[in-house]
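Coordinate analysis (summary)
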Amino acid sequence: MATVTADYQDRKRVVFHTRGREFTNVREIAADGGPTDFSSIELLLIALGNCTLGALLNHQLLKDEEVTRAYATLDAKMAQFPTRVEHIDVAIELEVTDPALMEHYASLEVDSCTCPLCNTLEGKITTSLKMNVSAAPVH
């Protein structure tokens, strides 16, 4: 079970606490008209990106492989009345050094959205995977 406390302080910031850790998100308006730190939608996308990449890199096929790049772009499509996230597109770019992994591309693409957040938001998320083979870095 996961528990987080959120303490809204002085109408300026939210301080989150979990497992002895603290994170502060400033909610004041910045020059661009948005919050100084992250909006609620950005925090959702950050959590989803963390969950998605973490689950994919811990996938049975990848957990012991050299991955030279794991990058995700998450885009929320919004709807109004009431304001809500209608859909999230997750585009993942993965570079591996073992060409044999390309044989498992279809399986990895299907499994790219198997983290707890993807499972919770099922039907609201579309994921795509772009996978390439790169040369192993020289150490």
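Reference entry: report on the structure contained in this document. The structure presented is a predicted model; accordingly, all values stated were derived computationally and were not measured. (Residues numbered from 1 in each chain as written. Predicted model: local features only at pLDDT ≥ 70, side-chain atom pairs only at ≥ 80, totals over all residues. Heavy atoms only, no water.)

**Focus: the sheet that holds strand S5 (residues 84-96)**
Hydrogen bonds along the backbone pair up the strands of a sheet, which may run parallel or antiparallel. Note the following rule: Note: two strands are recorded as paired if DSSP finds a minimum of 2 bridges between them. Counting from the N terminus, the helices are DSSP H or I runs at least four residues long and the strands are E runs at least two residues long. To get an axis, fit a line to the C-alpha atoms, keeping to the stretch in contact for a helix; angles then go from 0 to 180 degrees between the N-to-C directions. Contacts were defined at the residue level, with two residues in contact if any of their heavy atoms lie within 4.5 Å.
Reading across the sheet, the three strands line up as S4-S5-S6 and stay open at both edges, with mixed pairing between neighbours. A single partner strand is all that each edge strand has here, and the edge strands are strand S4 (67-79) and strand S6 (125-133). Strand-to-strand, the axes of this sheet are offset by a mean angle of 10 degrees, without reference to chain direction. Where S4 and S5 come together, 12 bridges link them in antiparallel fashion. When the bridges of S5 are listed, alanine 76 appears paired with isoleucine 88. Together, S4, S5 and S6 form the strand contacts of helix H1 (residues 40-57), whose direction differs from that of S5 by roughly 35 degrees.

**Observations regarding the state of the cysteines**
For clarity, the threshold we go by: Two cysteine sulfurs form a disulfide in these notes if their separation is within 2.5 Å. For the exposure calls, accessible area comes from a 1.4 Å probe over protein chains only, and a residue counts as buried if that area is under 20% of its type's maximum, exposed if over 50%, partly exposed in between.
The full count for this structure, using the stated rule, is two disulfides. Put simply, cysteine 51 and cysteine 115 are joined by a disulfide, and their sulfur atoms are 2.4 Å apart. The sign of the 125 degrees torsion about the S-S bond sets the cysteine 51-cysteine 115 disulfide as right-handed. Residue cysteine 51 is located in helix H1, and its partner cysteine 115 is located in the loop between helix H2 (105-110) and helix H3 (116-120); the two are separated by 64 residues in the primary sequence. Under the relative-accessibility criterion, cysteine 115 is labelled buried at 2%. When the bonded cysteines of the protein chain are counted from the start of the sequence, the pairing works out to 1-3, 2-4.

**Here we look at the pairing of strand S2 (residues 13-18)**
When strand S1 (residues 5-9) meets S2, the two strands line up antiparallel, connected through five bridges. Its bridge partner being in S2, tyrosine 8 is matched across the sheet by valine 14. Pairing of S2 with strand S3 (residues 21-26), which is carried by six bridges, proceeds in the antiparallel orientation. Paired with threonine 18 across the strands is arginine 21, a residue of S3. Counted between consecutive antiparallel strands, the loop separating S2 from S3 contains two residues, among which arginine 19 sits at a positive phi close to 50 degrees.

**Some thoughts on the pattern of salt bridges**
Counted only if it meets this: Counted as salt bridges are all cases of a side-chain nitrogen of Lys or Arg within 4 Å of a carboxyl oxygen of Asp or Glu.
Within the structure shown, the criterion is met by five salt bridges. Between glutamate 93 and arginine 69 there is a salt bridge; the shortest N-O distance is 3.4 Å. Of this pair, glutamate 93 sits in strand S5 while arginine 69 sits in strand S4, placing them 24 residues apart in sequence. With relative accessibility at 33%, the residue arginine 69 sits in the partly exposed group. For lysine 77, the salt bridge identified is with aspartate 75, shortest N-O distance 2.4 Å. A relative accessible area of 35% places aspartate 75 in the partly exposed class. Connected via shared salt-bridge partners are Asp75, Lys77 and Asp89.

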